[in-house]
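Below are the chains, spelled out letter by letter.
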Amino acid sequence: MASIAVKPIIAAEADAAPPSAARPTGPGRCFHCGEPCVGTRFAREDKRFCCQGCLTVHELLKESGLGQFYELSQHPGVRVRGKAGREKWAFLDDPVLQRELLDFSDGGVNRVTFQIPSMHCVACVWLLENLFRLHPGIGESRVNFPRREVSVTYIPGRIALGELAALLSSIGYEPRLSLEALGKAAAPASTHRKQWLQVGVAGFAFGNIMLLSVPAYLGLDSFSGPVFRTLFGWLNLALALPVLIYSASDYWKSAWLAVRQRIVTLDVPIALGLAALYGQSAFEILTGRGEGYLDSLSGLVFFLLCGRVFQQKTHERIAFDRDYRSFFPLSVTRQAAAGEAVVPISQLEVGDILILRQGEIIPADATLVRGAGQIDYSFVTGESRPVSREPGDHLYAGGRQIGATIEIQIVKPVSQSYLASLWAHEAFRKHRSESLDTLTNRYSRRFTWLVIAIALAAAGYWLTEGNPARGIKAFASVLIVACPCALALAAPFTFGTAQRLLARAQVFLKNALVLERLARVRTIVFDKTGTLTTPRSEAVSFHPLADEDSVPPDRSARAADPTAGAQNFAGSPSGLTAGQQAMVWRLCRQSTHPVSVQIAESLAPAPAAAPVRDYREIPGAGLCGTIGNHRVHLGSRQWLEGLGMPVPPLPAAAGTPAILAIDGRVLGAFLVRGILRPDTQRLIRDLSQRHDLALLSGDSERERAQFEQLFGRAGHLRFHQSPLDKLGFIRRLQDGGQVVMMVGDGLNDAGALKQSDVGVAVVERIGAFSPASDVILPGSRVPHLGAILRLARQATRIVRLSFGISALYNAVGISIAAAGILSPLICAVLMPVSSVSVVLFACGMTAWAARRSGLPQLERGPQNQDESCP
Amino acid sequence: MSVIILLIAVSLTLALGFLAAFVWAVRHGQYEDTCTPAMRILSDDQNPGKTPSPSQPSNQAKP
């Protein structure tokens, strides 16, 4: 299965280990989590483990009789990273916080729902539902896998909430607690349930009314007398009443709303038809003239509701409307007179001193008090290079400390930080006037007026012919038969099918209407970092500088071609011996600076190399350490020259150089630069045939040349773009009448994503943080954007064709009705035939279009298991 | 022919019973998560004697 690169690790953002595409299996792998392990330091019987954490969890599970965990899938565990200490979760014992977090509490028993992103397979579900065996204070636990949630019942007297969270994280399932989790305890399940109930009631009535109507069609009267006809008629009227009042209630409401706003939506002719159907039927049955059209009425409502359920397939696991609060942690470490304490963010006050460890987020605008700040602002600005900050410097909320531990002092409350104020900008709160100007509504406007005109004309004709009874019947019949069932079903089933097929290819749409807008997109705006370039695997190349030949020809040729992207030279950078590589790997593994991480990832792991002594990392300069009896320096030119190691000129190539010196001798330079996703070139060429393209980046211009070549002369390239610049750019395009699609990731694109007609958020992990958007796309699917747009255009074409088919049926039905000879039997046949044929056509054609569009075909099955175990 | 009336009464009662069952199921969240139960069934319980109940403390507890 072509799944995206997913690795179930906890706190993936803060983790510096190399990302592996799939969880490999086999010997040399940890029995618990499947990570490669070295040596037999952590071994029990014949099983090997990568770390003490995994071993501890394994033993705990075995002791508690949970050994079955390992039978459910191979290496099902999650590596325990960092300290899962009790202190870390102590803040959860705060009663004020608990009130907002708990789903339920009666003093004796509490229930809490945790989000657990690392849950990924059947074995996880099993283990999390068997938590009660690990602690006597835990009762039932239920997993909702699509939402990655577990609801745990516990006795607060026996286990504290913090203890429960610590227990979960100690076995590798660290709960994700963000600011957003507060105060949303009530699940929005009621609309969902109401829909099911409405369909159920309509289906029940439909089946029974059909049953009771068949005798009338077959002429039961001839040998049973009129008793049954009256009885069945009354029963039908009674059965249809809940359909009319309860199941169809949404149609009445929205039709009324439309009439009040003096617009015509599709719901208006539907409501008109329903009223005509029930009115005519009641009249016929009460006066004993006929059997009415109640089977058509209930069938119509049932089919319409089925279409709605089909279309409103929501991806519950994926939140499309997130804001910065879901990005913030729930707690931070505060320095107080009594020592360090973990406190909820909501209790922070101006003047508090916070301790930020590596990988932690700055929760509020603050001043750096102590330590060397290396702040990664990529979520706020899009610039991927971290910035150095000195004590006394101002820090903005949303940045992430990636160096050593620092202390900061808060200068503004959390809710008034730069980031929060950015979010409060009116553009971020813009709401599109959704759903009124849809394809269906444009057609139904013409349709409705036409039907009313025909109905009036038919009635007028029979009146002038001197047959007023027939005139009234014709008027009602036209409204009945023209009830736009097929019209109403075309769009839901076409877009619903397309949405479903896209979800199977891991492209998630907020709702089906997004497809209509996708089909109209003229201009596509890309963000650079994380969208066109991959965020993690930046290309690393090594340029040896020592002695005679400075640059091997093949490597310089590659460096000159920016789109080729010098690939990672796994294990064999020319010019370095295996021993030297091992030393560089060792040294780089000590640091969390992105450049070091990239270099370490590009090298073959050499865990056998001697450990690093005297390790020092000078922020903004470089690293040094002693490995074996060699002194290794890796860093900037200025730093090495300052240390008395002259550096010869480097070959001109894009990227950040890191110069390597061993024992005082400069050997060469590593160049690290962003690489394009595979197939980006083809994607741009493909898209530029139909669309205008633009690139907006928060980064500096260091890679301008590369992108100029990629986008050609027609493309707009803009660098140094702030979030507001991006938003303004999109708005200017829209003012020029363009339908704009924005493709981006991160908070810095959030405004532009919201402003654009279609905002596409690119994520590396489905379910990971993404800003509010219309489409969520995993990074690996970015090259398929062309196919997605093609499918959207095909889908709108299919909807139009379906309208044509339904118009055909209507022409037949209306001409019969206008003649005044419509019978319940004709109606009962025509209505389902037209609906079913349109539904089949819509679904079939869309599936065919999707197959031809070139989207990757994923295997059938629950789409949310794509990131499951091997 | 009165047997037909009886039959109709019985069949309608039965159908109403099913509708009531459906309403109950929807109200109790049976349609909320249709994915996890499919996974839950894959792991059969080896010691069915133990039921998750907070009032039955397990001796093998080890936090």
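Residues numbered from 1 in each chain as written. Chains lettered and ligands numbered in written order. Predicted model: local features only at pLDDT ≥ 70, side-chain atom pairs only at ≥ 80, totals over all residues.

Within chain A one finds 27 helices and 28 strands. Here chain A holds 870 residues, and the buried ones make up 50% of them. Counting only contacts in chain A whose residues sit at least 6 apart along the sequence, the fraction spanning at least 24 positions is 68%. (Helix = DSSP H or I, 4+ residues; strand = E, 2+ residues; numbered from the N terminus. Buried ≥ 20, exposed ≤ 12 C-beta atoms within 10 Å, placed from the backbone. Contact = placed C-beta atoms within 7 Å.)

So, on to the pairing of strand β6 (residues 149-154) of chain A. All names here are of chain A. Taking burial as the measure, the six residues of β6 include five buried ones, the bulk of the element. Here strand β4 (residues 110-115) pairs with β6 via six bridges, running antiparallel. Considered in β6, the bridge of valine 112 is made with valine 152. Sheet topology note: the strand β5 (residues 138-144)/β6 ladder contains five bridges and is antiparallel. Bridge pairing in β6 places asparagine 144 opposite glutamate 149. In textbook terms, the turn of a hairpin is the stretch between consecutive antiparallel strands, and for β5 and β6 this stretch comprises four residues, one of which, arginine 148, has a positive phi near 55 degrees. (Pairing = 2+ DSSP bridges.)

Further remarks concern the packing of helix α15 (residues 468-481) of chain A against helix α26 (residues 785-818) of chain A. All names here are of chain A. Across the interface, α15 lies against α26 with an axial gap of 8 Å and an inter-helix angle of 165 degrees. As far as their axial angle goes, α26 and α15 are roughly antiparallel. Pair α15 / α26 crosses with right-handed handedness. Contact with α15, carried on its side by Ala474, Ser477, Val478, Ile480 and Val481, involves Gly813, Ile814, Ala817 and Ala818 of α26 and no other residues of that element. When its residues are assigned to classes, the contact of α15 with α26 shows seven nonpolar, two polar and no charged. (Axes fitted to C-alpha atoms, helices over the stretch in contact; angles between N-to-C directions. Parallel < 35°, antiparallel > 145°, perpendicular 65-115°, else oblique. Left-handed = near helix turned anticlockwise from the far one by under 90°. Nonpolar A, V, L, I, M, F, W, Y, C, P; charged D, E, K, R; others polar.)

Turning our eyes to something else, we now look at the nonpolar core. Residue and element names in this part refer to chain A. Judged by nonpolar contacts, the single largest core of 132 residues is most densely connected at Leu297, Val478, Leu479, Ala490, Leu515 and Val775. Top element by residues in this core is α26. It accounts for 14 residues. Split by domain, the residues of this core number at least three in each of domain 2 (190-313 + 436-494 + 793-852) and domain 4 (508-533 + 677-784). Residues within four places of leucine 479 in sequence aside, it is in contact with Leu272, Gly273, Ala276, Val451 and Ala455. Ranked by size, the runner-up nonpolar core spans 69 residues in total, among them Leu92, Val112, Ile171 and Ile410. (Core = buried A, V, L, I, M, F, W, Y, C linked by C-beta atoms within 7 Å. Domains from an automatic or database assignment.)

Turning to the sheet that holds strand β15 (residues 406-410) of chain A, a few remarks are in order. All names here are of chain A. Strand order across the open sheet formed by six strands is β8-β7-β9-β15-β10-β13, with antiparallel pairing between neighbours. A strand with exactly one partner marks an edge of an open sheet, and here the two such strands are β8 (339-344) and β13 (394-395). Two strands pair when backbone bridges link them, and strand β7 (residues 331-336) and β8 are joined in this way by six bridges, in the antiparallel orientation. What sits directly across from valine 332, in β8, is valine 343.

Quick look at the sheet that holds strand β17 (residues 523-527) of chain A now. Residue and element names in this part refer to chain A. Ordered by their spatial adjacency, seven strands build an open sheet running β16-β28-β27-β26-β17-β24-β25, and the pairing between neighbours is mixed. Sheet topology places β16 (508-509) and β25 (716-718) at the edges, where each strand pairs with a single neighbour. When β17 meets strand β26 (residues 740-744), the two strands line up parallel, connected through four bridges. Within the sheet, the bridge partner assigned to phenylalanine 526 lies in β26 and is valine 743. Along the sheet, helix α24 (residues 723-735) contacts β17, β24 (692-696), β25 and β26; its crossing angle with β26, the most-contacted strand, is approximately 160 degrees.

Under the 1.5 Å per step criterion, the end-to-end length of α26 of chain A is 48 Å for 34 residues, consistent within 8% with the ideal 50 Å. Where α26 of chain A ends, the next residue or the one after it, glycine 820 of chain A, has phi of about 80 degrees, a positive value. (Expected span 1.5 Å × (residues − 1).)

Okay, the environment of leucine 300 of chain A next. Mapped onto the elements of the fold, leucine 300 of chain A is located in helix α11 (residues 294-311). For leucine 300 of chain A and alanine 486 of chain A, which are 186 residues apart along the polypeptide, the C-alpha to C-alpha distance reads 9.6 Å.

Since the α-helix advances by 3.6 residues per turn, residues separated by three or four positions end up pointing in the same direction. All names here are of chain A. Residues Thr680, Leu683 and Ile684 constitute the buried set of helix α22 (residues 680-688). With its buried residues spanning 95 degrees around the axis, α22 presents them on a single face. α22 presents Arg682 and Arg685 as exposed residues on the side facing more than 90 degrees away from its buried surface. Elements in contact with the buried residues of α22: β24, α23 (704-711) and α26. (Arc of directions from axis to C-beta.)

What follows deals with the confidence of the model for chain B. Residue and element names in this part refer to chain B. For chain B, the mean per-residue pLDDT works out to 72, and 65% of the residues sit at or above 70. Across residues 48-63, confidence stays below pLDDT 50; counting only partners more than four residues off in sequence or on other chains, it has 28 contacts. Interface confidence in the predicted complex, given as ipTM, is 0.75; pTM for the same model is 0.67. (pLDDT = per-residue confidence, 0-100.)

With that out of the way, let us pick up the environment of tyrosine 809 of chain A. Residue and element names in this part refer to chain A. Relative to the helices and strands, tyrosine 809 resides in helix α26. By the C-beta count within 10 Å, which is 21 here, tyrosine 809 ends up buried. Measuring from C-alpha to C-alpha, the distance between tyrosine 809 and methionine 831 comes to 9.0 Å, with 22 residues separating the pair along the chain. With residues up to four places along the chain from it excluded, the contact list for tyrosine 809 reads Ala486, Leu830 and Ser834.

With that out of the way, let us pick up unusual backbone geometry. Trans peptide bonds make up most of the peptide bonds, and negative phi angles are found at most residues other than glycine. Even without being glycine, aspartate 663 of chain A reaches a positive phi, approximately 55 degrees. Inspection of the secondary structure puts aspartate 663 of chain A in the loop between β22 (656-662) and β23 (665-673).

Residues and elements named next belong to chain A. With 78% of its residues at a pLDDT of 70 or more, chain A shows a mean pLDDT of 76. Scored below 50 in pLDDT, residues 1-25 makes 53 contacts in the model with residues more than four places away or belonging to other chains. Across residues 859-870, where pLDDT falls below 50, the model places 29 contacts with residues more than four positions away in sequence or in other chains.

Below, the discussion takes up the pairing of strand β9 (residues 353-356) of chain A. All names here are of chain A. By the alternation rule, side chains of β9 split into Leu354 and Leu356, which are all buried, and Ile353 and Ile355, of which none is buried. Strand direction decides the pairing type here: β7 and β9, joined by three bridges, are antiparallel. Bridging across to β9, arginine 334 finds its partner in leucine 354. Bridge count for β9 against β15 is four bridges, and the pairing is antiparallel. Bridging across to β15, leucine 354 finds its partner in isoleucine 408.

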